[in-house]
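# Structure at a glance
Residues per chain are reported as follows:
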Amino acid sequence: MSCLRSSVSDFWSGQLNETVDQDVIVNPTAGQVPADCRPGLTSTPAFTCQVNDTVYINQSFLTMITEQFGSADIPYALASVVSHEIGHVVQAAVSQPGYDKSGSSDALSRQIEQQADCLSGVWAYSVSVKGRLDTRKFETVAKAVITDVSSNAEIATHGTPDQRAAAILKGLSGGRPQDCGLATFS
């Protein structure tokens, strides 16, 4: 997990010319999560806490990917989720309009979440041009993960699996942050 976190953080640090670094905590306990973010422990498989810009990956997600994916696809499943969640850290770093208010409406939340999906695709593209990631496999596994975690509540706040896959593809297509509408690159 630390290599993945470093890859995503190093990429975005280079893009923003500032350090984008955060912890990724796997299977967190309630004591490891700020009180304002603890609902994420039971409501979502992975989340970024805006209080401390830390990424949390719940045991439920790890269990799901080990049951749903073969060993060759598990790294892609983890990469799709970690790069999406670090996309939220990037949004915070650039003071993306709406990021701090993303819970105020489902429409705004979908916009912010799909932008994080797009940013995930931008990072994946950057790794693929170095020959370290197969973009087709990333896209396929990411959509499968999204489909597996998409409840009605998730769709309301994040978008449908097809909408989210289109956002990832937008980032994968050219690897340009400005294609995602990120404030710093618009």
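This text goes with the structure placed above it.
First things first, this report covers the structure right here in the doc. None of these values were measured; they are calculated from a predicted model.

A word on the pattern of salt bridges. Applying the stated criterion across every chain yields a total of six salt bridges. Measuring nitrogen to oxygen at the nearest pair gives 3.4 Å for the salt bridge that ties Asp73 to Lys137. With Asp73 in the loop between helix H3 (59–68) and helix H4 (74–93) and Lys137 in helix H6 (residues 135–149), this residue pair connects regions lying 64 residues apart in the sequence. Classification of Asp73 by relative accessible area gives partly exposed; the value is 21%. Lys137 sits in the partly exposed class, given a relative accessible area of 29%. Where Arg164 meets Glu154, a salt bridge forms, and the shortest distance between an N and an O atom there is 3.5 Å. Pair noted here: Arg164 is in helix H8 (residues 161–174) and Glu154 is in helix H7 (residues 152–158), with a separation of ten residues, a long-range link. Assigned by exposure class, Arg164 and Glu154 land together as buried. Connected through shared salt-bridge partners, Asp117, Glu154 and Arg164 make up one network.

Quick notes on the rules
- Residues numbered from 1 in each chain as written.
- Predicted model: local features only at pLDDT ≥ 70, side-chain atom pairs only at ≥ 80, totals over all residues.
- Heavy atoms only, no water.
- Salt bridge = Lys/Arg side-chain N within 4 Å of Asp/Glu carboxyl O.
- Helix = DSSP H or I, 4+ residues; strand = E, 2+ residues; numbered from the N terminus.
- Buried < 20%, exposed > 50% of the residue type's maximum accessible area, 1.4 Å probe, protein only.

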